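Coordinates in review
This is what each chain is made of:
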Amino acid sequence: MSSATPSPVPSSAHGHHKRHSILPAVSQSGPKPPVQFSSSCTIADSALLTGPHTIIVSTESVIHPRARLESLGGRVTVGRRCIVHERACLGAADLQGRYHKGSPDKEGRSMGAVTLGDYVTVEVGAQVESGGTVIGEGTTVGIGTRVGAGAVVGKHCTLTANSTVAAGEVIPDYTVIYSNGLRRIDRRGVSELKNKAQARQIDVLRRMIPSNPGKFQ
Amino acid sequence: MFGNNRLPAFHPGLTQSRIRDTTTGSGLWFPGLRSPPLPSESDPANDQLPLPITPEDLYDTPMAPFNPYTYIRCPCSELNPYTKRTPDVTAQGLSRAAQDDDDHTFDPRAARSNYSLYPLEYLSFCEDCHQIRCPRCVAEEIVCYYCPNCLFEVPSSNIRSEGSRCTRSCFQCPICIGPLAVNHVETPPDPNQLLSPDHASSSHSGSYVLSCSYCNWSSTEIGIKFDKPNSIHMQLAKLRNGGETRLTAKERKERRKEQASQGGGGGSSTGQGEEDLDTLLDMETQFANLKSFYQNQLSDANGTGKVGGDPSAALGNLGFDAPASLSRIMSLYTGSSSLHDKKSKSRPGTMREALAPSEGLQLASLDESSAITALQDFESTTGLDAYSSTASTTQLQSQAPYLGASPLHGLTRFTSSLRPIPYLLRTKRSKRCPQCRHIISKPESKVTTTRFRIRLIAGNYIPTITIKQLIIPGLTPPPMPNLPPDTIEPLKPAQFVLTFKNPIFESVRVTLATPATTPGRFPAKVTILCPQFEIDSNTDVWEEALKDNNATSSSSQAQNLSSSTGPEGSGPGGRKRAGTLRPGTAGGASLAGEELGPEVGKVWERGRNWTSIVIEVIPASLVQTAKRDGRGPIKEDEDVLEIPMFVRIEWEAEAPEDEIMPGLSSTKGGNKDGGKEKRELAYWCVLGLGRVARTL
C-alpha cells in the first residue's frame, strides 16, 4: 500500500527513513558545540546540541531524542546516570529570550550554564534556564517545569509537573514543590532506592534508544 | 473573579465563565492550598459611596472572555410549595399560572433568580407532567454507594455499621488528596532508622507503607507501617501515629483495674492519689474513664439510697442507653430538681466531678510553647516557611474522625500528624418528579457502567437557543476603536441572532415575549424582530437530504452546483435566508436582499430543524447611569446584558392511548388524524448577550 502511493516527501538518503511529522525538520542551527561524552553514555541521533561552549555528558547518562542541550550561555554538564527526556531543554533562554551567563563562583571558576548532578531526571518539556543553574543529585524536574536562571536546586528534590522555580532561588535538599508552588520536605528516605531504580531504568533505555555520539563529535 | 457567578453552589462543575476561579489557574482543588486574601472590591462599605468614575479606572482588571449563554428558569420557583397541588396539573394550567405572573416580569437579577436559573444541560423533563424539572425540585433517591477509588459497591447495611468511608485499602493523601499506593519498603535504606537506638525493635514492625506519588508523602512520616499489603483500613484503625497500637476496650478495662488496685485502699472519693494530672488521654480512653466514673457515682448514690444496693447495678455492663441506667438518671434529675418532693431519695452533694485522668479529667493544655518551638524548629531545620508545616483548614476538615489518638484539647495543627484519609464513598442517585413521582433519571445500578436506564433530559424536549452577534459587513457600523473585544457599545442598537434548534420530531410553533426594557439598574431596550415563528421537525438527516434532492434534482441541478460553492448554498439541509424566501425575488435580487439586513416580522434564517431570528438591543450607558442614580460604582457582572425572555412552544403530539377521554375533546382541537394532541410549554429564560462597554 505504502509503496503504491507516491510519497509527497522526497525520501531521504536512507530509504527506510520516513518522516511522519508535518513540522519542519529540526535543523542543527548555529555552530556545532564541542562535546565531551563518556563512552558509556546514550545520546539519541535526533538530540539537539547547540551553542559555542562545551557540553559534557557523563557516564551512563541518557539523552532522549529531541532533547535540547544549548550551551549558548556557557558550559552544560550532565552528571552520571541522568535522564534527559524528549523536548526537555538544558540551558534554555529565559522567558524574555535571553541566555544568561553564570556568575563565577568564589574561586573565580565559571559556573557554566547548567550543571546537573548525578541521577537527575529532567522530564518531558522541562526547561532549565542557563546561567549557573545547578540541579542537585537525584532530583526530578517534572514535566513542563521551568527552572529559572541561576537557581540552585538541592539534592533529591522533586519538582512536580508544571511547577516553576524562580531565577536565583535556592531550594534546600529533599524539597518537594507541588500544587502551584507549595513546598514540603520529602521524609521518605528512599533516595538510594530511587537511584537504584534510575540505574535499572537506564539499563532499559540504553537498549531502547539507539545511541549515536559520533554525530556530535 | 470575573465569572458571572449566578448558579447555586451545588452545581458540580459548570460551563465556561460560570466557575469562579479563585486561586489556581488550573482549577484543581488541593486542601493544602491557601488562597491569598482577595482584594476587597465588593466591600459593602465601599459600595455605598458614590465614587466618581472615570472610564480609565474601569479597565484596570483584565476581563475574561464572555460566552453568550441561555439559562432557563425552572417552573418550580413559580409554585407555592405550601399549597398542595392536585396531580392533574397540566401544562396549560402551569402556563396560565405563569401568565398570571406576567404583570411583574421575571427579573434575572433578583436575588431569588439565583436559585431558579439553569443551563439547559442541567434540566430534566417530566414526560407525565410535561414540565421542566431542575436539580432543585427533583427528589433524589440513592441507588447505590460505591468507593470512587476501587469502584466496589458497598451495601447500605455496611454504611450503617461502618460509616461512609471505604474500608478496603483506598486512601487519599492527607497533604494533597492524591491517591495513596501501598508500597513495599526494603528495610535497610533508612539512615535515620539506623541511627536510632531502637532499630532492632522497629525492624519487625511491618514493611508496607502508604505513599503518595505526587507530593511524596509517606505514612512513615507519621510513623506508621503495615504488616500486610491488604486490609489497610483495619490495620490503620489499630495504629496510632508513631506506630503504637491503639488500646482495645478490653485492655483499657484491664489497665483501669490495675490503676484501681494500685491506688486502692485509699478513699475512692479522692482517687487521684499521686497521679499526674497532665497525663494525656486519647478520646476513647477519656470517654471510657468518664463513663465508668459516672457510673460509679450513680451506683454509689443509688446504692446508699436503697439499703443493700441494686444487684443489677453491676458496673461495667450497663451502658448509658440501658433502660435501667436511663431510669436511674431520670429519677436522679427529677429528684434533685424537686427537692421538696415526697421522697428525699437523692441527696444533693453526693455527686462529685472527675478529679483525675483515671476518672476522665483532662486539663486544657494552654501552654503552647511546644507548638511554637516546633514551628521554629521546622523553619530552622528545613529552610521552608513555618506556615507550610501547619495544617490548613481544608486539610483538617478532610481528616476522618479518629478517636484513637488525638487528645481532646489541642487537636493536631501540624501537617506532620495528619493521617491518611479513607476515601469517602459516593452515590449513584435516581431522580423523581416531585409531583407525579415518576422517575426522571435512573442510572444503571452497576458501579462500573455509566449508562442510564431512564434519563429524560430537557434538551430532548425543548429547543436549544444559541446566541451570536449579528455583524453584516456593509450594514453594521464599525465598532468604536479601543473597545475591548466582544463588548457591546452602549446607546447603540446591537443585533443578535438567536438560533432555535428543535429536538423533537414534530414541528414546533414558538412565541417569544420580552419586556420592552430589561429590569434592573441599567435598562436596555429590547425588540424581538420576529416574535412568532415555526421550527421544522427534527427529521432524519438522510430523509431530509433525499427529499430535498428529489425536489430540486431535475429543475435546478446546474443552479445547485453553482450555488453550493458559495457560503449560503442552499444544498441539502442547507440554510435559506429570509431575503431569498421573499416571493418575487429571483436570481440576482437575492444578493441585494441579503444586504438589506434583518427585517421586522421575518425569520432571519431557517434550516432542517432550526430557525434563527434577530433580536435588537439598545443598552443603557453604564457609566452615565451609575453617575446619575447614586447607587455606587458598577458591581461585578452588572455590565452583563441579560434579557429575560418568555418562550412559549406549541406542538401537536401523538396522544397517549390511555389519556384520550371523550370529555376532554375540547383540549384536543385537531383530533382527526390519529389521536393528535395539542401540547404547549411555556417558560422564562435569560439570554446573556454580552458585556456592555463601560465607555461614555
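Treat the numbers as computed from the prediction; the structure is a model and nothing was measured.

Each value, and the rule that gives it
Residues numbered from 1 in each chain as written. Chains lettered and ligands numbered in written order. Predicted model: local features only at pLDDT ≥ 70, side-chain atom pairs only at ≥ 80, totals over all residues. Helix = DSSP H or I, 4+ residues; strand = E, 2+ residues; numbered from the N terminus. Buried ≥ 20, exposed ≤ 12 C-beta atoms within 10 Å, placed from the backbone. Contact = placed C-beta atoms within 7 Å. Pairing = 2+ DSSP bridges. Expected span 1.5 Å × (residues − 1). pLDDT = per-residue confidence, 0-100. Arc of directions from axis to C-beta. Core = buried A, V, L, I, M, F, W, Y, C linked by C-beta atoms within 7 Å.

1. Side note on the overall build of chain B
The helix and strand inventory of chain B stands at 16 helices and 24 strands. When the 696 residues of chain B are sorted by exposure, 24% land in the buried category. Residue pairs in contact within chain B that sit at least 24 positions apart in sequence constitute 70% of those at least 6 positions apart.

2. Examining the overall build of chain A
The number of helices and strands found in chain A is one helix and 21 strands. Out of the 217 residues belonging to chain A, those deemed buried represent 47%. Sequence-distant contacts, at least 24 apart, represent 33% of the contacts inside chain A between residues at least 6 apart.

3. Re the sheet that holds strand E13 (residues 133–135) of chain A
All names here are of chain A. One open sheet accounts for seven strands, arranged E1-E4-E7-E10-E13-E16-E19; its pairing is parallel. Two strands bound the open sheet, and with one partner strand each, they are strand E1 (35–37) and strand E19 (170–171). Where strand E16 (residues 152–153) and E19 come together, two bridges link them in parallel fashion. Within E19, the residue paired with Val153 across the bridge is Ile171.

4. Regarding helix H10 (residues 369–382) of chain B
The α-helix advances 3.6 residues per turn, and as a result positions three or four apart in sequence lie on the same side. Helix length check: H10(B), at 14 residues, gives a terminal C-alpha distance of 20 Å against a target of 20 Å (1.5 Å per residue), a fit within 8%. H10(B) sits mainly on the outside: one of its 14 residues count as buried.

5. Things to note about the sheet that holds strand E3 (residues 48–50) of chain A
All names here are of chain A. Taken in spatial order, the six strands of this open sheet run E3-E6-E9-E12-E15-E18, and their pairing is parallel. At either margin of the open sheet sits one strand with a lone partner, and together these are E3 and strand E18 (164–165). The sheet contact formed by strand E6 (residues 68–70) and strand E9 (residues 89–92) spans two bridges and is parallel. Residue pairing across strands places Leu69 opposite Leu90, the latter belonging to E9.

6. Re unusual backbone geometry
Residue and element names in this part refer to chain A. Of note in this structure, Arg87 is not a glycine but carries a positive phi near 60°. In this structure, Arg87 sits in the loop between strand E8 (83–84) and E9. The exposure class assigned to Arg87 is partly exposed, which follows from the 18 C-beta atoms found within 10 Å. Although it is not a glycine, Asn162 sits at a positive phi angle of roughly 60°.

7. Focus: the confidence of the model for chain B
All names here are of chain B. The share of residues in chain B with pLDDT of 70 or more is 64%, and the mean pLDDT across the chain is 73. At the low end of the mean pLDDT range in chain B sits helix H1 (residues 44–48), at 39; at the high end sits strand E7 (residues 171–172), at 96. The model gives residues 97–102 a pLDDT under 50, and that stretch makes five contacts with residues more than four places away or in other chains. Of the regions scoring below 50 in pLDDT, residues 305–317 engages in 15 contacts with residues more than four places distant in sequence or in other chains. Of the two predicted TM-score estimates for the complex, the pTM is 0.71 and the ipTM is 0.83.

8. As for helix H16 (residues 622–629) of chain B
All names here are of chain B. The complete set of buried residues in H16 reads Leu622, Val623 and Ala626. Mapping the buried residues of H16 onto a view down its axis gives an arc of 95°, with all of them on the same face. In H16, the exposed positions that point more than 90 degrees away from the buried face belong to Arg628 and Asp629. Tucked into the core, H16 has its buried residues touching strand E24 (676–692). Positioned one or two residues after H16, Gly630 has a phi angle of 65°, which is positive.

9. Some remarks on the pairing of strand E17 (residues 508–513) of chain B
All names here are of chain B. Across the two faces of E17 the burial differs, with Val508, Val510 and Leu512 buried and Arg509, Thr511 and Ala513 not buried at all. The sheet contact formed by E17 and strand E19 (residues 532–535) spans four bridges and is antiparallel. Bridge pairing in E19 links Thr511 to Gln532. With six bridges joining them, E17 and strand E23 (residues 640–654) adopt antiparallel strand pairing. For Leu512, the partnering residue across the bridge sits in E23 and is Val647.

10. Points about the confidence of the model for chain A
Mean pLDDT over chain A: 87, with 86% of residues reaching 70 or higher. Note on residues 1–15 of chain A: pLDDT under 50 across the span, and two contacts to partners over four residues away in sequence or across chains.

11. Some words on the nonpolar core
By size, the foremost hydrophobic cluster in this structure holds 77 residues, and its most contacted members are Val84(A), Leu90(A), Val128(A) and Cys215(B). Sorting elements by how many residues they give to this core places strand E9 (residues 208–212) of chain B first, with four residues. Setting aside residues up to four positions removed in sequence, Cys215(B) forms contacts with Val176(A), Tyr178(A), Arg184(A), Cys173(B), Ile175(B), Cys176(B) and Gly178(B). In terms of nonpolar packing, the next biggest core, distinct from the first, is built from 61 residues, Cys433(B), Leu498(B), Ile535(B) and Ala693(B) among them.

12. Some thoughts on the environment of Phe522(B)
In this structure, Phe522(B) sits in the loop between E17 and strand E18 (525–528). With 22 C-beta atoms counted inside 10 Å, the residue Phe522(B) sits in the buried group.

13. Here's the deal with the environment of His156(A)
Residues and elements named next belong to chain A. With respect to the helices and strands, His156 occurs in the loop between E16 and strand E17 (158–159). What makes His156 buried here is the crowd of 25 C-beta atoms within 10 Å. Residue contacts for His156: discarding those within four places in its chain leaves Glu137, Gly138, Thr139, Asp173, Tyr174, Asp186 and Ser191.

14. Topic: the environment of Glu605(B)
Residue and element names in this part refer to chain B. Secondary-structure assignment places Glu605 in strand E21 (residues 605–606). With 19 C-beta atoms packed within 10 Å, Glu605 lands in the partly exposed category. Sequence spacing of Glu605 and Val497 is 108 residues, and the spatial spacing of their C-alpha atoms is 9.2 Å.

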